[in-house]
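The chain contents come next:
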Amino acid sequence: MPRPAVPPGESEPPADWFQHERGPSPLPPGGTFADAAHTPVHGYGMPPARDVPAAPDWYRGATPPPPGPLSPAPPGPSFERTLLFIVVAVVFVAALGTLFALRPWEDDKKTPTAQGSDSAGPSTPTPSDAGSGGQSGLPPATPPAQGSVVTTPPPTTAAPDARAQAAALDSLLSRSGSSRQSVIDAVNNVGSCSALSASRSALLDAAAQRDQLVTRLDTMRFDGVPELQSAAPTLRTAWTASARADRAFAAWAQSAADSGCPGTRSLYDDGATISAEASGAKKSFVDTWNTVASHYGLTSRSELDL
């Protein structure tokens, strides 16, 4: 501990002042501090304290000295500047991401433009448009909303004329009976072994006529008359069978001309069998036809008329 200050007018304290203040030394005569560790200490007798340097003035509140070359530099404004840059960068990236998520430029692509015009601005109505609008009394047409899809309604189809379809078939049926008598006469001539060549030609002409009727029937529509639409395939079968029967009878006439009468019997039998099939189909068709004909005021028929 430091020596006490000497008041004015007094002499300095002796060199062993601390012994008088704190008591006798705990060291035994001629002993060491190690021996004193086992010696009881009475009073305040202690070995003199080591000289401890006094605390500097700045520690007691004075201004600290400037930092030396090895002292760490105090934090400056660089940290705040770096933090500010980081905040600005984060805000910029967030704004850029929001812009790409909204994509406002996509709406510009969907804006409809007037046909033949270079700009998307509003068009100026012409005097003719204004005049027509004033005469009709209707408000001007509203342009479609931006981004909407304008659809054009499909064209309306007129309802089919049912009676016109039935009348067209009636006209075709009237042509089918024109060859019936010529076929009957040709078969009778071959059976009596007379006019074989002419009979053969008449039968082939009748078969070609049946083919033409079938071709014409395939081009007709009966969607306005459901009954005829269902019966048309039966009529086609009847006319196709009649054409086959006529060709079978023509082949029979040729065999009679080649080998003599009465000709090849099997060819005649084929013609008769196919002709019976055609007659059955014709009878089934005329049952439906006569119902339709009575409804629309057309001609009724029998299977012999076909």
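Provided above is the structure to which this section pertains.
Caption draft 1: Representation of the overall build of the protein chain within the structure. In terms of regular secondary structure, the protein chain is built from 10 helices and zero strands. Its helices and strands in sequence order give the protein chain the pattern α-α-α-α-α-α-α-α-α-α, from N to C terminus. For the protein chain, the proportion of its 306 residues judged to be buried stands at 21%. Once local pairs closer than 6 in sequence are excluded, the contacts in the protein chain between residues at least 24 apart make up 60%. When the accessible surface of the protein chain is totalled, it reaches about 21,800 Å², and 60% of it is carbon and sulfur.

Caption draft 2: Summary view of unusual backbone geometry. Cis rather than trans, the peptide bond between Cys261 and Pro262 has omega equal to 10 degrees. As for its position among the elements, Pro262 is in the loop between helix H9 (226–259) and helix H10 (265–296). Of note, Cys193 is a non-glycine position whose phi angle comes to about 60 degrees, a positive value. On the secondary structure map, Cys193 appears in the loop between helix H7 (180–191) and helix H8 (196–218). For Cys193, a relative accessible area of 38% gives the class partly exposed. Although it is not a glycine, Ala195 adopts a positive phi angle of roughly 50 degrees. The residue Ala195 is located in the loop between H7 and H8 in this model.

Caption draft 3: Quick look at the packing of aromatic side chains. Going through the model one piece at a time under the given rule, you end up with two aromatic pairs. Centroid distance Trp252 to Tyr268: 4.9 Å. Interplanar angle 55 degrees. Geometry classified as tilted. Note that Trp252 is positioned in helix H9 and Tyr268 in helix H10, a separation of 16 residues in sequence. We classify Trp252 as buried; its relative accessible area is 6%.

Caption draft 4: Representation of the state of the cysteines. Under the counting rule described, the total for this entry stands at one disulfide. Note that Cys193 is cross-linked by a disulfide to Cys261, the S-S spacing being 1.5 Å. Looking along the S-S bond of the Cys193-Cys261 disulfide, the torsion reads about 85 degrees, which is the right-handed sense. Linking Cys193 in the loop between H7 and H8 with Cys261 in the loop between H9 and H10, this pair joins segments that are 68 residues apart in sequence. By relative accessible area, Cys261 is classed as partly exposed at 34%.

Cut-offs and rules
- Residues numbered from 1 in each chain as written.
- Predicted model: local features only at pLDDT ≥ 70, side-chain atom pairs only at ≥ 80, totals over all residues.
- Heavy atoms only, no water.
- Helix = DSSP H or I, 4+ residues; strand = E, 2+ residues; numbered from the N terminus.
- Buried < 20%, exposed > 50% of the residue type's maximum accessible area, 1.4 Å probe, protein only.
- Contact = heavy atoms within 4.5 Å.
- Areas by Shrake-Rupley, 256 points an atom, 1.4 Å probe, with all protein chains shown as cover.
- Phe/Tyr/Trp six-rings, centres within 6.5 Å; stacked < 30°, edge-to-face > 60°.
- Disulfide = S-S within 2.5 Å.

In short, shape yes, function no, at least from these values alone.
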